[in-house]
Structure formats: C-alpha cells, structure tokens
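Notes for the structure review
Listed here are the chains, written in short residue letters.
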Amino acid sequence: MLVVGGVFVDVKGFAREKYLPLERNVGDVQVTAGGVCRNVAENLVKLGREARFVSMVDDNAIGREVREGLAAMGVDVEHVISAPNGMGMWLAILDEKGDLAGSISRQPDFSALEAYLRENGDAILAEVDGVALEFDMNADISSRVMAVAKRHGKPVYSIVGNMGVILKHPEYLHDVACFICNEMEAGRLFREDLTALEPEAMLEALKRGSAVAGIGAMVVTMGPKGAVYVDNSTGEFGYCPPLDVKVVDTTGAGDAFFSAAVAALMSGAPLSQAVQEGTRLAAQTLQIIGSCAD
C-alpha cells in the first residue's frame, strides 16, 4: 500500500501531576519521530502489510535516522526524499491523565514533494494496490494523487492532518474509498458542533452529513465514546464501543485506528469489521508512550 504524507519530529511533555498551564510543571519530555502518515506506514508493516512511503525528510542526521529507522522496520523508503525543511515539528503537552492539553505544529515545505510527485507519481501509483493519503499537505499534491489513483483504479483512504485542504476542497472526498476522522474534524466538515453528542445522535449526524457531503463511506471516532460508521454505497452503518484500557498517551491512537481499519478494508473486510480492528489497535496504542503499538 502506498502511504503519502509528512514526517514530523514529535516533542512531547508529560505532566507528572495535575497540569497547570501557567505554571512550571514537573514531568518527562520525549523526542520521537512522528507525523500522521509516518505513523501509518509503521503501523501497516507491524500489521503485516507492505507499506511504500512517499514523503520528505531533512537532509541532516535526524532525517537520515528517520529514513533508516523506517527501512529497518520494513517500510519501503525508496521514495522518501531529502529536502530543506522537509520535516515538520509537533510540540505537544499531555496532562496527568495522558490527554492532550495543547499543541503547536510547524509545517514542512511540501514544494519538493510536490515536484517529485509531478514527475514520478504516475509510475509510483501504477504499482500499488491502494493509497493512504494525508490530504492536508497542499491542494496540488492531494488533487494530483487523487487524479492519478482514479486513472489507475486505485482506492484512496483519506486521513486528516489539519483539515486545511479538506475544508477548502470538500469535493475531494467524493472519490475516497473511506474517510476517517474524529468528531471535532467531522463537526468542522459538517459545520456543526458534534463534540457533545452521544453515539446514537452522532450516528444520525454522520448519516445525514456524509450524504449531503457526497462521501461514500465515513467513520467518526469519538475517543472514549467509541466510533460510528456509515457506508452509503451498501447501506451499512453502526456503532463500535471502545475497549476499556488504562490510558497512558492519547497521541497516535487516531493514526493506529486508521491503519488497522484501512488494512482490514484492503483485505476485503466490511466496514463494521474494519472499525473493530481499528478500535483494537487504537486501544493498544493508548496504553504506551509513543505513536505506534508493537
């Protein structure tokens, strides 16, 4: 499977006691390689699927370490290029419960990847069985990958970065095989506040909103409330409850959910089973410090 997206360096601060935003908080600070699609590529190989990663890293020791680390895991990094400002940075603060209390991200400069895909995208996509695409790099990359994938008959599964491109071009979602996002992102797309909804009401909002938006299949994750899903092409819809686990670190759980759900869909599983697989891997990720469960 082809994974197209960015690489980030994650700097995470973990509060040891109650997190106070305006005070000095004692805890732990860790620096790890991250990024939505870097995490997806790692998760896919851990799930036993092939992952070919198309991305960028900085031309320095950190960038080389990220590339070599992915290769050592079994990710195909032939199309991970080096470029100035090729990696982003994500600064995250997690409270004493492991929940995200705040974050700031610095985006990479995607112009080098845009040029690389313009020259090589057709040949790359011709060789894969499906695409996991981070839409929010830039509109040119998203539209180009979508067009080439459609020409070659390859399904595209969309994962959210920051919603920037999706909100400007919601029509891109018409051609995705499945769109997976959380309740805040769904609310921004549907232009309504969904964060306080219980699963039954969320499912109704999803069915209504996805139909209006022209999205064939969509999943909305709700954190500790579970996930709801709808496939407008088959009429399948439903709710998957969460697994009861001790939460250590919430970051990366959404990427894990996406990875396992897409792996299941690519294997021919129905959407209901894919959501269950996503829920299981997300639960494993919640119990560790880091973005990917073993």
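Structural data are supplied above this passage.
Overview of the structure. Everything quoted here is computed from the prediction, not taken from an experiment. (Residues numbered from 1 in each chain as written. Predicted model: local features only at pLDDT ≥ 70, side-chain atom pairs only at ≥ 80, totals over all residues. Heavy atoms only, no water.)

**Observations concerning the sheet that holds strand S6 (residues 88-94)**
Sheets are built from strands paired through backbone hydrogen bonds, the pairs being either parallel or antiparallel. In spatial order, the strands read S3-S2-S6-S7; together these four strands make up an open sheet with mixed pairing. Single-partner strands in this sheet number two, and they are strand S3 (27-34) and strand S7 (100-106). On average, each strand axis in the sheet is tilted by 15 degrees relative to the strand beside it, whichever way the strands run. Relative to S3, strand S2 (residues 8-15) runs antiparallel, the two sharing eight bridges. The residue of S3 that forms the bridge with Val9 is Ala33. (Pairing = 2+ DSSP bridges. Helix = DSSP H or I, 4+ residues; strand = E, 2+ residues; numbered from the N terminus. Axes fitted to C-alpha atoms, helices over the stretch in contact; angles between N-to-C directions.)

**Examining the pattern of salt bridges**
All told, the structure shown has 14 salt bridges when counted by the stated rule. Across the salt bridge formed by Arg52 and Asp76, the nearest N and O atoms sit 3.2 Å from each other. You can see Arg52 sitting in strand S4 (residues 52-57) and its partner Asp76 sitting in strand S5 (residues 76-82), a full 24 residues away along the chain. A residue is classified by how much of its surface remains accessible, and Arg52, at 18% relative accessible area, is buried. Residue classification places Asp76 among the partly exposed positions, given a relative accessible area of 25%. Salt-bridge contacts for Glu204 lead to Lys207; the nearest nitrogen and oxygen are separated by 3.1 Å. Of this pair, Glu204 and Lys207 both sit in helix H7 (residues 199-213), three residues apart, roughly one helical turn. (Salt bridge = Lys/Arg side-chain N within 4 Å of Asp/Glu carboxyl O. Buried < 20%, exposed > 50% of the residue type's maximum accessible area, 1.4 Å probe, protein only.)

**With respect to the environment of Ala260**
Tracing the backbone through its elements, the reader meets Ala260 in helix H8 (residues 253-266). With relative accessibility at 6%, the residue Ala260 sits in the buried group. When the C-alpha positions of Ala260 and Arg280 are compared, they lie 8.3 Å apart, and in sequence the two are 20 residues distant. Here Ala260 is in contact with Leu47, Glu277, Gly278 and Leu281, once residues within four sequence places are set aside. (Contact = heavy atoms within 4.5 Å.)

**Here's the deal with the pairing of strand S10 (residues 178-182)**
Looking along a regular strand, one sees side chains alternate from face to face of the sheet. Most of S10 sits out of view: four of its five residues are buried. Where strand S9 (residues 156-159) lies against S10, three bridges are found, and the strand directions are parallel. Within the sheet, the bridge partner assigned to Ser158 lies in S10 and is Phe179. Direction of pairing for S10 relative to strand S11 (residues 217-221): parallel, over a ladder of four bridges. Across the sheet, residue Phe179 finds its bridge partner in S11, namely Met218.

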